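# Reading the structure
Take a look at the letters that make up each chain.
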Amino acid sequence: MKLVRAELERLGARRFVQLMIVLLVLAFGATASTTLAGSHRPTAAELVEARTQAAESRRQMDDVYQRCVDRVNGNLPPGAEEEYFPADCGEVDPVRQERLPVATDFLPGVFVFSQQAESLLYFLIAFLVLFGFLVGASYIGADLNSGGVVNLLLWRPRRMTVLGAKLGTLLGGVLGLSLLASVVYLATFWVIGQAAGFPGHLDGAFWRDLGAVHGRGLVLVLLATVLGFALATLGRHTSAALGTAAAYLVVWELGARLVMEIVDATHPERFMLSSHVGAWLSGRVEFWDASACATAAGFCDRVYALTWQPALAVLIGLTGVLAGAAFLVFRRRDLI
Amino acid sequence: MSAVIEIEGLRKTFNSVRNGRRVAVDGFDLTVGAGEVHGFLGPNGSGKTTTLRALLGLVRADGGWMNVLGAPSPTHLSQVAGRVGAIVESPQFFGNFTGYRTLRLLALAGGVPVSRVDEVLAQVGLQDRGDERVKGYSLGMKQRLAVASALLKNPELLILDEPANGLDPAGIREMRDLMRSLADGGVTVLISSHILAEIQLICDHVTIISRGRRVAAGRVDEVLAGFDQHEFLVRVAEPERAAELLRAGGLPVDVHPDHLVVGQVGDPTTISRLLGEQGLWVRELTALRPDLESVFLELTGEGPQPQVPRQVDPGPHDRVIELDAGVGEGRGDDA
Ligand SMILES: Nc1ncnc2c1ncn2[C@@H]1O[C@H](COP(=O)(O)OP(=O)(O)OP(=O)(O)O)[C@@H](O)[C@H]1O
Ligand SMILES: [Mg+2]
């Protein structure tokens, strides 16, 4: 416990952490103020107009569907033949659409909270993932490199306890900061929506969805933090983590992807961490299935999907293995 | 007197891809009794720092066993860590933290009252510079901060690896006074240093290591006595004649331009008697006692040797340069 307190203080005193927090606040301030500047509260007339437009748009969709069905049944009046319709009218069936146009789609220059919240949250999560990785790496990297760990071990010679306390404190700190940041962030934009924009339709389902994205995002932030910490511990230096990440991106995500495309590997995306991150965040990602299409004649839109369960297993597995290796190596290493 | 540090048969080999195997410590023994101020001497690369690192659990020993304050190290080190203050080879600190914060974090982690921080900063003379970044400290100031960190726990056992490194003359004296007052307060001190005069001044016991092995150990006066050749410096008006007389009296004599060195002198009155009887009056008669430096150089084979460039300690097995036969024979123990 004493150790955790000391580590928390060390974490908070690190200039790199402070710098990243300042950056977070700046990015946040910039987004919030530009949003605020570019938004106004819709007038009653604008709202009425938007509702009309939405209703009109929905009516048009019904219309298209109806005509498609009519054409299939051969009931289409002559003269309308030039219009394009899909082979399967189900594709334009309004009932089967993911979402239908709503009034808030027709409010130009108005910040609609319900519509923007999710992408705003993704931006925050992306920042926090970067934050977690960099802080995780530099926190232990600088400490190993500057002899701080050796000094600490002279006081607390239990290596596993010391490293564990460091990782635990780090994760606690990052989680706390992430929670705080997301609450402040969403609350600010919610207030902007209320005061200078339009809140939109905020029902239970909306908050549930947003909460799910948030929860998944936080898991990702923590995984990135552990990853940065483990890589820097293994390499005894902050730059080991940064180098590994950069090398991974260039060599694997870009280079190996190219090679796999050239040699026609089956489903190359499943070997990419980025696909798994995407699958975990959105629940499911689909990729065009080149191998299934290789034998198909003509137009082919076969896809295969990555779902979140195996994606999470991959992400946790990789992070777990690296973290385990870091602890194992640190346990036996000569600290000079 | 119970032993505070016991090391027996410590061995440590470093393996690296680039440099291959390097035996740093090769069956080394060390015993430090409670209340001693124990000097730990050895040439560069002889294994002092490695020994201390192994003792403190920072490097993994390949063999031997170690005990600190009765606890086997490194397995039970954490039981006694709170009572052992240590610095190992110019400790590094995180440059962006102030001296005060550096110590405060250690105090927090170790459960020492934070008020101790100001006390130890004052003890090492850093009270006015505590809130500056360590990055901006001079070498000596960093060294003082390191000593402060070792003192922070009010240790029973203080292990200092070259604490005088980078200190100015006043700093060295302050350090000596500090060691003294700590020793008077009952703290056991193990101190490694290359400043032999300093060690001779403050230490009551000494262990000398060479090429990873112990070559001498014991009370400083006893170690020195073991090397006493019972030599006397004699100044007299007619040195040649005096030399003949003394040789006739059965004493080995070295003639130097302005003095004689007479060996195997049991009783110095023999000299004045032998010369006085022939009307030669002794102007000066001084006992030549060995000092730690000469003993050290003799034991570690580091004495001046013509035409041989001096090497750092080549280690027990992997001698870096084979010395020419004949010239090398004067060197110390060869494993
Ligand atoms: N990390 C390491 N990797 C490889 N060899 C090492 C390492 N640390 C020490 N050695 C070797 O072990 C031997 C003993 O080194 P050590 O640092 O213990 O000497 P020392 O007695 O403290 O010397 P000094 O008086 O210069 O401080 C040297 O030959 C050194 O090169
Ligand atoms: Mg050393």
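Residues numbered from 1 in each chain as written. Chains lettered and ligands numbered in written order. Predicted model: local features only at pLDDT ≥ 70, side-chain atom pairs only at ≥ 80, totals over all residues. Heavy atoms only, no water.

### Notes on the coordination of the magnesium ion (ligand 2)
All names here are of chain B. In this structure, Thr49 (OG1) and Glu89 (OE) serve as the protein donors to the magnesium ion (ligand 2), at separations of 1.9 to 2.5 Å. Here Thr49 is found in helix α1 (residues 48-55), whereas its partner Glu89 is found in the loop between β6 (84-87) and α3 (99-110), with 40 residues between them in sequence. Residue classification places Glu89 among the partly exposed residues on the basis of a relative accessible area of 40%. (Donors = N, O, S within 2.8 Å, 3.2 Å for Na, K, Ca; no water. Helix = DSSP H or I, 4+ residues; strand = E, 2+ residues; numbered from the N terminus. Buried < 20%, exposed > 50% of the residue type's maximum accessible area, 1.4 Å probe, protein only.)

### Considering the site of ligand 1
All names here are of chain B. Taken together, 15 residues lie near ligand 1, and Gly45, Lys48, Thr49, Thr50 and His194 sit nearest. For ligand 1, an oxygen atom lies 2.8 Å from a polar atom in the backbone of Gly45. At 3.1 Å from an oxygen atom of ligand 1 is found a side-chain nitrogen or oxygen belonging to Glu162. Residue assignment for the shell around ligand 1 shows that the elements contributing at least two residues are β2 (20-33) and α1. In terms of residue count, the dominant contributor to the shell around ligand 1 is α1 (three residues). Per-class residue counts for the shell around ligand 1 are four nonpolar, seven polar and four charged. (Near = heavy atom within 4 Å. Polar contact = N/O pair within 3.5 Å; in protein donor to acceptor, adjacent residues only side chain to side chain. Nonpolar A, V, L, I, M, F, W, Y, C, P; charged D, E, K, R; others polar.)

### Some thoughts on the layout of surface pockets
All names here are of chain A. Volume-wise, the largest pocket comes out at about 650 Å³. Every residue lining the largest pocket is counted, 21 residues in all, and those nearest its centre are Phe133, Leu227, Ala245, Tyr248 and Leu273. Of all the elements in the fold, those that place two or more residues in the lining of the largest pocket are α4 (113-145), α7 (204-235), α8 (238-262), α9 (273-282) and α11 (308-332). By residue class, the composition of the lining of the largest pocket is 17 nonpolar, three polar and one charged. (1 Å grid on protein atoms, 1.4 Å probe; cavity = no way out; pocket = protein on both sides within 12 Å on 5 of 7 lines; lining within 4 Å. Points joined across faces, edges and corners; volume = space filled by probe spheres on them.)

### Side note on the domain arrangement of chain A
Residue and element names in this part refer to chain A. Here the domain parsing of chain A yields domain 1 (2-40 + 109-332) and domain 2 (44-106). Listed by partner, the interface residues are five residues for domain 1 and six residues for domain 2. Considering only the surface of domain 1 that becomes buried against domain 2, His40, Gln115 and Phe198 emerge as the three largest contributors, covering 83% of it. Our enumeration of links across domain 1 and domain 2 arrives at zero salt bridges. Where domain 1 packs against domain 2, one counts three residue pairs in polar contact (both at pLDDT 80 or more). Grouping the constituent residues of the side of domain 1 that touches domain 2 by class yields two nonpolar, three polar and no charged. (Domains from an automatic or database assignment. Contact = heavy atoms within 4.5 Å. Buried area = accessible area lost by both parts, 1.4 Å probe. Salt bridge = Lys/Arg side-chain N within 4 Å of Asp/Glu carboxyl O.)

### Overview of the confidence of the model for chain A
For chain A, per-residue confidence averages 89 on the pLDDT scale, and 98% of positions sit at 70 or higher. The least confident element of chain A, judged by mean pLDDT, is helix α10 (residues 290-294) of chain A at 74; the most confident is α11 of chain A at 96. (pLDDT = per-residue confidence, 0-100.)

### Let's talk about the state of the cysteines
Residue and element names in this part refer to chain A. This model, assessed by the stated rule, comprises one disulfide over all chains. Disulfide partner of Cys68: Cys89, at an S-S distance of 1.8 Å. Disulfide Cys68-Cys89: torsion about the S-S bond near -85°, hence left-handed. Taken together, the residues span a long stretch of sequence, with Cys68 in helix α3 (residues 44-73) and Cys89 in the loop between α3 and α4 at a distance of 21 residues. The exposure class of Cys89 is buried, given its relative accessible area of 9%. (Disulfide = S-S within 2.5 Å.)

### Things to note about the sheet that holds strand β9 (residues 205-210) of chain B
All names here are of chain B. One open sheet holds the six strands; their spatial order is β6-β7-β8-β3-β9-β10, and the pairing between them is mixed. Edge strands, defined here as strands with exactly one partner in the open sheet, are β6 and β10 (213-219). Strand-to-strand twist of the sheet, defined as the mean angle between neighbouring strand axes without regard to direction, takes the value 10°. Here six bridges tie β9 to β10, and the two strands are oriented antiparallel to one another. Opposite Ile209, over in β10, you have Arg214 as the bridge partner. (Pairing = 2+ DSSP bridges. Axes fitted to C-alpha atoms, helices over the stretch in contact; angles between N-to-C directions.)

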